[in-house]
Amino acid sequence: MTLPNGEAVVKVENLYKRFGELEVLRGINMEVDKGEVVVIFGRSGSGKSTLLRCINFLEDPTEGTIEVSGIRLEGGHRTRGKREQIRLLRLHAGMVFQQFNLFPHLTVINNVMEGPVTVKGLPKDQARVTGLELLDKVGLAEKADVYPIRLSGGQQQRVAIARALAMEPDVMLFDEPTSALDPELIGEVLTVMKSLAMDLHMTMMVVTHEMGFAREVANRMMFFHEGVILEEGTPDELFDHTRNPETKRFLEAVL
Amino acid sequence: MFQLVAAWLLLTQGALALIFLPILSLTPDFDVPVGDIGTFGALAVACMIAGGLLYTKLRWSVWIAVIVSLATAGWLVSDKGLTSWAEAYIGVGFVVLEVAFLLLGRHAAGKPEAMALSSAHVPFRLKLTLVWIGIFFVLALFLSQIGLDWRWMGDNFSIIAKGAIYTLALAVGAIVIAVVLALLGALGRLSKNPVAFGISGFYTSFFRGTPLIVQLFLIYVALPQIGASLGSRALLNVLALSAFQAGIIGLGLNYGAYITEIFRAGIQSVGHGQAEAADALGMSYAQRMRRVVLPQATRVIIPPTGNDFIAMMKDTALVAFLGVVLEQADLFRRAQLIGNQDLKRLESLIIAAGMYWALTAIFTFFQMKLERRMSAGYVRGEAQTATGRKRTQFLPAGPPGAVQPGVAEPDIELDLRGGNVPGHEHGGGTPR
């Protein structure tokens, strides 16, 4: 899917998500333009992960509209026809999970090839070539034939990034990609993410607490608080010139 | 080490003799006077005491052991000893071994630490083998004493053993049906579709809630009645199954219900994150099941399903009650028919039992192999088994360039945190 620069890859309109009585998202409106890196931060339970999961329908939005790469879907009950639409939408949104969720029964290269081969029907040898290129990009080409259990957490997460990239998504959704990692392994994952943003100009939505990364890479930041976007702006605006007391308190706590 | 073997031999000999004693004295055509049997028992106890002493108590226990051994041997070969020369030879053979080992390893007598040390050097497998040999030895002695008609057993072995083909055919046919039903049943149990959920619920409830033998008779005897009462000749012909066919279908339906629960649990054991990862790649439900969930569930499913298969192999004997003809009869049915005909029930049933046992032993062995292979991608390096034995190198099957355990790999963590499934690699357990 080719979109002209400046056009929104992700559009979220009036998004609500409730789990029973609990209202996790309360009317989110946002757009992410092509090539943009948006960092979403906030306390746990503020709804930031839920937003990402609603965008590729791992959670069904209670109300609202999601649009990814021109595929526009309403929230609410999941119907038979919608299921296929959701599947098509997911082809454009790659997801990286906090717990990596690599397939343990497949080797690293087979993890990366799984999507292109099974979902897109690519021939295996072709998928292997691109898969190896991607593994090279995340610095793990020599681990191609190893099972994930033999990799460190940081290596597993880099494979997970390569697996998502293999589907050639228009936007990458990162759901706390470094939160499950030991401190000394965080850097290698952030480096890969940085080069994704800087070198490949990948459109990215990143839920993270890594404020150093945010300051360096983000075009825009959003502070989530109790299910709404409380404040939004460039890193510079939020880090140095925020006037919102909640944002200020949070940033002081993390930095 | 030698001392240890001698102690074992003495203990085994004493124990065997004590087991042997009541059998001997109860054999009707055995006319040894009571006094001699008493001597025999006393010598057996003496052997065990000597063996025990060797382990711990006295420095000169070695000489006690030698004297006890020689006395036992002397008594056995004397005309007051055992009835048959063959048995006396076995006893004397034991004694020769004992004395040889005692003399070779005299220095360890009465030193518990030395004994324990030498015991630690003997591999567990070797000890286990010795135990099994001992058990079979006793079993053989027992069988030799109960007056079996070995000639008859030799003559009729092949015709009974041929039943193993039909036993296997029943079991394999039924397991194929059962696995297909179980997969459908499990997907139904996990489905949000009320029809699928309801049908699979009814299926597991009914077939787990009624006895297998009743189900077999329902299918064989009662099913044709449906055709008859509907007055449909064609339906009657379809429903009137042979006992063999009814057996396969009945076993398949019954075990399918049990294995449904195994499959359901196996599928549920695959972490939710796996399904989400598959979904996020844009997989359909079928793709997600086939490529991600089922391959991982299989690992969990195989051990209990293998157990059920082995259990079922034995339950095929129930099909005999449907009255299968001899040409298609399984092991048990053949043993019954032939044994009753010649009034050799014990002999024929021993053959059948041995065959069942052999079959299950073979399949248990293959199941273990399979489980080991399936653990690729789940075990990192050296794995410890339940018995505390070390099992080396649990490498992922196949791909070259896989990292060898033990080779320095600075960026490999040593904990298992990254794994999605705990390193469970020995779930076989014993078959029912």
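Residues numbered from 1 in each chain as written. Chains lettered and ligands numbered in written order. Predicted model: local features only at pLDDT ≥ 70, side-chain atom pairs only at ≥ 80, totals over all residues. Heavy atoms only, no water.

Quick word on the overall build of chain B
For chain B, the helix and strand inventory stands at 16 helices and two strands. Within chain B, the fraction of its 432 residues that count as buried is 43%. The long-range fraction of contacts in chain B, counting pairs at least 24 apart against all pairs at least 6 apart in sequence, stands at 76%. A total of about 22300 Å² of accessible surface is found on chain B, and carbon and sulfur atoms cover 69% of it. (Helix = DSSP H or I, 4+ residues; strand = E, 2+ residues; numbered from the N terminus. Buried < 20%, exposed > 50% of the residue type's maximum accessible area, 1.4 Å probe, protein only. Contact = heavy atoms within 4.5 Å. Areas by Shrake-Rupley, 256 points an atom, 1.4 Å probe, with all protein chains shown as cover.)

A look at the overall build of chain A
Of the regular secondary structure elements, chain A holds nine helices and ten strands. Counting the 255 residues in chain A, one finds 60% classified as buried. Looking at chain A alone, contacts between residues at least 24 apart form 65% of all its contacts between residues at least 6 apart.

A look at the sheet that holds strand β7 (residues 171-175) of chain A
Residue and element names in this part refer to chain A. Read across the open sheet, the six strands follow the order β6-β7-β8-β3-β9-β10; overall the sheet is mixed. Of all strands in the sheet, those with a lone pairing partner are β6 (93-96) and β10 (228-233), marking the two edges. With direction set aside, neighbouring strand axes in the sheet form an average angle of 20°. Note that strand β9 (residues 220-225) and β10 share five bridges and pair antiparallel. Its bridge partner lying in β10, Met222 is registered against Glu232. (Pairing = 2+ DSSP bridges. Axes fitted to C-alpha atoms, helices over the stretch in contact; angles between N-to-C directions.)

Details of the packing of helix α7 (residues 150-161) of chain B against helix α8 (residues 163-189) of chain B
All names here are of chain B. At their nearest, the axes of α7 and α8 sit 5 Å apart, and the two run at 20° to each other. Compared by their axis directions, α7 and α8 come out roughly parallel. Within the contact between the two elements, α7 uses Ile159, Ile160 and Ala161 and α8 uses Gly163, Ala164 and Ile165. (Parallel < 35°, antiparallel > 145°, perpendicular 65-115°, else oblique.)

Regarding helix α16 (residues 345-374) of chain B
Residues that lie three or four places apart on an α-helix share one face, since the helix turns once every 3.6 residues. All names here are of chain B. Between the first and last C-alpha of α16 there are 43 Å, a value that for 30 residues agrees with the 44 Å anticipated at 1.5 Å per step. Listed as buried for α16 are Glu347, Ser348, Ile351, Ala352, Met355, Tyr356, Leu359, Thr360, Gln367 and Glu371. Close packing links the buried residues of α16 with α7, α8, α14 (285-315) and α15 (331-342). (Expected span 1.5 Å × (residues − 1).)

Structural notes on the pairing of strand β5 (residues 71-74) of chain A
The alternating pattern of β5 of chain A places Ile71 and Leu73 of chain A on a buried face, while none of Arg72 and Glu74 of chain A, on the opposite face, is buried. The loop that links strand β4 (residues 63-68) of chain A with its antiparallel partner β5 of chain A comprises two residues; one of these, Ser69 of chain A, has a positive phi angle of about 50°.

Topic: helix α2 (residues 80-90) of chain A
Residue and element names in this part refer to chain A. Among the residues of α2, those classed as buried are Lys82, Ile86, Arg87, Leu89 and Arg90. Along the axis of α2, the buried residues cluster in a sector spanning 160°; they form a single face. Exposed and facing more than 90 degrees away from the buried side of α2 are Arg80 and Gly81. (Arc of directions from axis to C-beta.)

Overview of the confidence of the model for chain B
For chain B, mean pLDDT is 77; residues scoring 70 or higher make up 75% of the total. Reported for the predicted complex are a pTM of 0.70 and an ipTM of 0.91. (pLDDT = per-residue confidence, 0-100.)

Things to note about a nonpolar patch on the surface
All names here are of chain B. On the surface, a cluster of nonpolar side chains totalling about 610 Å² of accessible area is made up of Phe124, Leu128, Trp132, Phe136, Leu139 and Trp357. Looking at the nonpolar patch element by element, the count peaks at five residues for helix α6 (residues 124-145). Accessibility expressed as a relative area gives 38% for Leu128, which makes it partly exposed. (Patch = residues over 30% accessible without salt bridge, like charges linked within 9 Å, V, L, I, M, F, W, Y side chains within 5 Å. Salt bridge = Lys/Arg side-chain N within 4 Å of Asp/Glu carboxyl O.)

Regarding the nonpolar core
Core analysis: the largest hydrophobic core is formed by 51 residues, its most contacted members being Leu135, Ile161, Met172, Phe174, Met193, Met204 and Met221 of chain A. If we skip the residues at most four places from it in the chain, Leu135 of chain A touches Val108, Ile109, Val112, Leu140, Ala141, Ala144, Val159 and Ala162 of chain A. In this structure, Ala164, Phe244, Phe263 and Phe332 of chain B belong to the second largest nonpolar core, which totals 50 residues. (Core = buried A, V, L, I, M, F, W, Y, C linked by side-chain atoms within 4.5 Å.)

Quick look at the sheet that holds β5 of chain A
Residues and elements named next belong to chain A. Sheet architecture is open: four strands sit in the order β2-β1-β4-β5, paired in antiparallel fashion. Both outer strands of the open sheet, β2 (22-33) and β5, are each paired with one neighbouring strand and no more. Adjacent strand axes in the sheet meet at a mean angle of 15° when their direction is disregarded. In terms of strand pairing, strand β1 (residues 8-19) meets β2 through nine bridges, oriented antiparallel. Directly across from Val10, in β2, lies its bridge partner Val32.

Some words on the side chain of Asp175 of chain A
Residues and elements named next belong to chain A. When you line up the elements, Asp175 lands in strand β7. One buried charged side chain, Asp175, makes no salt bridge at all; its nearest oppositely charged neighbour is Arg53, positioned 4.9 Å away. One polar contact links Asp175 to Ser49, side chain to side chain, over a distance of 2.7 Å. With residues up to four places along the chain from it excluded, the contact list for Asp175 reads Ser49, Leu52, Arg53, Met95, Val96, Phe97, Gln98 and Val207. (Lys, Arg positive; Asp, Glu negative; His and termini not counted. Polar contact = N/O pair within 3.5 Å; in protein donor to acceptor, adjacent residues only side chain to side chain.)

Observations concerning unusual backbone geometry
All names here are of chain A. Unlike most non-glycine residues, Asn14 shows phi in positive territory, near 55°. Assignment of secondary structure puts Asn14 in strand β1. Phi angles above zero are rare outside glycine, and Glu176 is one such case at about 45°. Inspection of the secondary structure assignment puts Glu176 in the loop between β7 and α6 (183-200). Since its relative accessible area comes to 12%, Glu176 is described here as buried.

As for the pairing of β6 of chain A
Taken residue by residue, a regular strand's side chains alternate between the two faces of the sheet. Residues and elements named next belong to chain A. Residues Ala93 and Met95 point to one face of β6 and Gly94 and Val96 to the other, with burial holding for every one of them. Alignment of β6 against β7, held across four bridges, turns out to be parallel. For Met95, the partnering residue across the bridge sits in β7 and is Leu173.

Topic: the packing of helix α9 (residues 194-209) of chain B against helix α12 (residues 243-269) of chain B
All names here are of chain B. Look at α9 against α12: their axes get within 8 Å of each other, and the N-to-C directions meet at 120°. With respect to their mutual orientation, α9 and α12 come out oblique. Note that α9 runs across α12; the crossing there is left-handed. Facing Tyr203, Thr204, Phe207 and Arg208 of α9, the residues of α12 in contact are Gly252, Leu253, Asn254, Gly256, Ala257, Tyr258, Thr260 and Glu261. Classifying every residue of the contact of α9 with α12 gives five nonpolar, five polar and two charged. (Left-handed = near helix turned anticlockwise from the far one by under 90°. Nonpolar A, V, L, I, M, F, W, Y, C, P; charged D, E, K, R; others polar.)

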